[in-house]
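# Coordinate analysis (summary)
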Amino acid sequence: MSRAFNFSAGPATLPESVLRQAQDEMLEWRGSGASIVEHSHRGPEFIQVAAEAEADLRTLMSIPEDYAVLFLSGGATTQQALIPLNFAAAGQTADYVVTGHWGKTAIKQAKPYVAVNTVASSEAGGFRDIPARGEWQLSKDAAYVHITANETIHGVEFRDTPDTGDVPLVADFSSSIASEPVDVSKYGVIYAGAQKNLGPVGITVVIVRRDLLERAGQNRADIFNYASHLKGESMLNTPPTWNWYMLGLNMKWMLAEGGVAEFARRNAEKAALLYSVIDGSGGYYRNEVAAAVRSRMNVPFFLHDEALDKPFLSEAKAAGLMALKGHRALGGMRASIYNAMPVEGVKALADFMKDFQQRHG
Ligand SMILES: *Cc1c(COP(=O)(O)O)cnc(C)c1O
């Protein structure tokens, strides 16, 4: 076997021990006569798996009791449409802060349902910074304020929680959830597709302050109604049981490793190492994001000469470092270094980058 260090932006690397456990339990889950993926979602086996995953996520993220946790399908993008449907009246204004590609997606999905007010955007500067909170012109009666906690493509991350007063803050945490301690009570809604920091693709976590579920929202089918999902314990229809189970294994792994405080420590170490190689390369490599808002999860970088991109990628692959090609919107390279990427993987990448510079300098 030759598992590489996988820097994919998502679906992304998973801990080997989690994959092994899933392999061990594939044919039969704990003496139950069948694989977990073959059990009814309403049977005691899966109910236990589902309940443990929620309890473990709550422990991991210190989610207060007055917040509900939903496990849904449809990915983060679907939530970007459901959020206005559930939390805004038809035609009401909702405020959006755009700090990269995914902030734009959020607006695109919301536009059919709300009057979108883009209160701040860093697009003119190429998404290399986050407009200061003091510059945001919030609407008077906004249903909510939407931010993208970490921009996966542009590598820009909020390093503190903006204060939006009584207006609920809704945050797309797809690529940074559970990567460091976060005060959940400062948010109205936190949502995240699982495939970056929580587990496999196919399941999405929505953490929502319970009082917001009492908002009437807009005319919508029951299946688009978060309150109905809560009442139905995220089983209004057949949930993605395998993905939920895998997410649960990953939660147990994170708790056993020391929880989010430990991952925050590792993630800071990994990011510091990579940025120091980039900044110390004398311009051979460059990252253009303002230092204060550089992402700890996704590190986009460019080589000083585009002609070196191809050899960089092929030599990296030969060295056991895969999926470093940047998003097509930006070009260059991108190293995604989520929770499941070990420090040694980033050390291997840092060493490779220094070595590559020496050989092709
Ligand atoms: C990956 C990603 C998305 C899209 O997630 P899907 O699950 O594919 O819908 C949205 N927002 C952010 C920040 C992401 O990283």
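Residues numbered from 1 in each chain as written. Predicted model: local features only at pLDDT ≥ 70, side-chain atom pairs only at ≥ 80, totals over all residues. Heavy atoms only, no water.

## A short note on the overall build of the chain
Helix and strand counts for the chain stand at 9 helices and 14 strands. Its C-alpha atoms give the chain a radius of gyration of 21 Å, within 12% of the compact-globule value 21 Å for 361 residues. If one aligns the C-alpha atoms of the chain with their principal axes, the spans along those axes are about 60 × 60 × 30 Å. In the chain, buried positions account for 55% of the 361 residues. Within the chain, contacts between residues at least 6 apart in sequence are counted, and of these 67% link residues at least 24 apart. Surface accessibility of the chain: about 15300 Å² in total, with carbon and sulfur atoms responsible for 51%. Side chains of the chain carry 34 positive and 40 negative charges; the gap between the two charge centres is 4 Å. (Helix = DSSP H or I, 4+ residues; strand = E, 2+ residues; numbered from the N terminus. Rg over C-alpha atoms; globule rule 2.2 N^0.38 Å. Buried < 20%, exposed > 50% of the residue type's maximum accessible area, 1.4 Å probe, protein only. Contact = heavy atoms within 4.5 Å. Areas by Shrake-Rupley, 256 points an atom, 1.4 Å probe, with all protein chains shown as cover. Lys, Arg positive; Asp, Glu negative; His and termini not counted. Charge placed at Lys NZ, Arg CZ, Asp CG, Glu CD.)

## What about the UniProt feature "binding site: pyridoxal 5'-phosphate" (unreviewed entry) in the chain?
With numbering aligned to this structure, UniProt lists the feature "binding site: pyridoxal 5'-phosphate" (unreviewed entry) at Ala76, Thr77, Trp102, Thr152, Asp172, Gln195, Asn237 and Thr238. The greatest C-alpha distance among the residues just named is 30.2 Å, and with 163 residues of sequence between them they are spread in space as well. Residue position: Asp172 is located in strand S8 (residues 169-172). With near-sequence residues (within four places) excluded, Asp172 lies in contact with Gln80, Trp102, His146, Ile147, Thr148, Ala149, Asn150 and Tyr191. Within the local environment of Asp172, its side chain forms a polar contact with the side chain of Gln80, the two groups lying 3.4 Å apart. One can find Gln195 in the loop between strand S9 (189-193) and strand S10 (204-209). A residue is classified by how much of its surface remains accessible, and Gln195, at 17% relative accessible area, is buried. (UniProt positions renumbered as here; feature names shortened; annotations may be inferred. Polar contact = N/O pair within 3.5 Å; in protein donor to acceptor, adjacent residues only side chain to side chain.)

## Considering the pattern of salt bridges
The final tally for this structure, using the stated rule, is 21 salt bridges. Across the pair Glu25 and Arg30 runs a salt bridge, and its minimum N-O distance is 3.4 Å. Given the relative accessible area of 11%, Glu25 is considered buried. Given the relative accessible area of 46%, Arg30 is considered partly exposed. Note that Asp56 is salt-bridged to Lys252, the shortest N-O span being 2.7 Å. Linking Asp56 in helix H2 (residues 44-61) with Lys252 in helix H6 (residues 241-257), this pair joins segments that are 196 residues apart in sequence. A single salt-bridge network, built from bridges that share partners, covers Glu257, Glu262, Arg265, Arg266 and Glu269. (Salt bridge = Lys/Arg side-chain N within 4 Å of Asp/Glu carboxyl O.)

## Focus: the domain arrangement of the chain
The assigned domain composition of the chain is domain 1 (17-256) and domain 2 (259-360). For domain 1 and domain 2, the distance between their C-alpha centres works out to 27 Å. With 25 residues of domain 1 in contact, the opposing surface of domain 2 contributes 23 residues. Buried area between domain 1 and domain 2, both sides added, is near 2100 Å², and the carbon and sulfur share of it is 57%. Put simply, domain 1 and domain 2 have 3 salt bridges between them. Put simply, Glu288 and Arg128 hold a salt bridge, and the shortest N to O gap is 3.0 Å. Our count for the contact surface shared by domain 1 and domain 2 stands at 15 residue pairs in polar contact (both at pLDDT 80 or more). Counting only elements with at least two residues in the side of domain 1 that touches domain 2, the list comes to strand S6 (150-151), strand S7 (156-157) and H6. With 3 residues, the single largest contributor to the side of domain 1 that touches domain 2 is H6. A class-by-class count of the residues in the side of domain 1 that touches domain 2 yields 10 nonpolar, 8 polar and 7 charged. (Domains from an automatic or database assignment. Buried area = accessible area lost by both parts, 1.4 Å probe. Nonpolar A, V, L, I, M, F, W, Y, C, P; charged D, E, K, R; others polar.)

## Points about the nonpolar core
Of all hydrophobic cores here, the largest spans 55 residues; its most connected members are Leu57, Ile177, Leu198, Ile207 and Leu247. If you tally residues by element for this core, the top one is H6, at 8 residues. Excluding residues within four positions of it along the chain, Ile207 makes contact with Met61, Ile63, Tyr67, Ala68, Val69, Ile177, Val184, Gly188, Val189 and Ile190. Residues Leu72, Leu82, Ile83 and Phe87 belong to the second largest nonpolar core, which totals 27 residues. (Core = buried A, V, L, I, M, F, W, Y, C linked by side-chain atoms within 4.5 Å.)

## Topic: the environment of Ala88
Tracing the backbone through its elements, the reader meets Ala88 in the loop between helix H3 (75-87) and strand S3 (93-98). With relative accessibility at 1%, the residue Ala88 sits in the buried group. Along the primary structure Ala88 and Ala142 are separated by 54 residues, whereas in three dimensions their C-alpha atoms are 8.5 Å apart. Sequence-distant contacts of Ala88, that is, excluding residues within four places in its chain, are made with Ile83, Val114, Ala143, Tyr144, Gly217 and Gln218.

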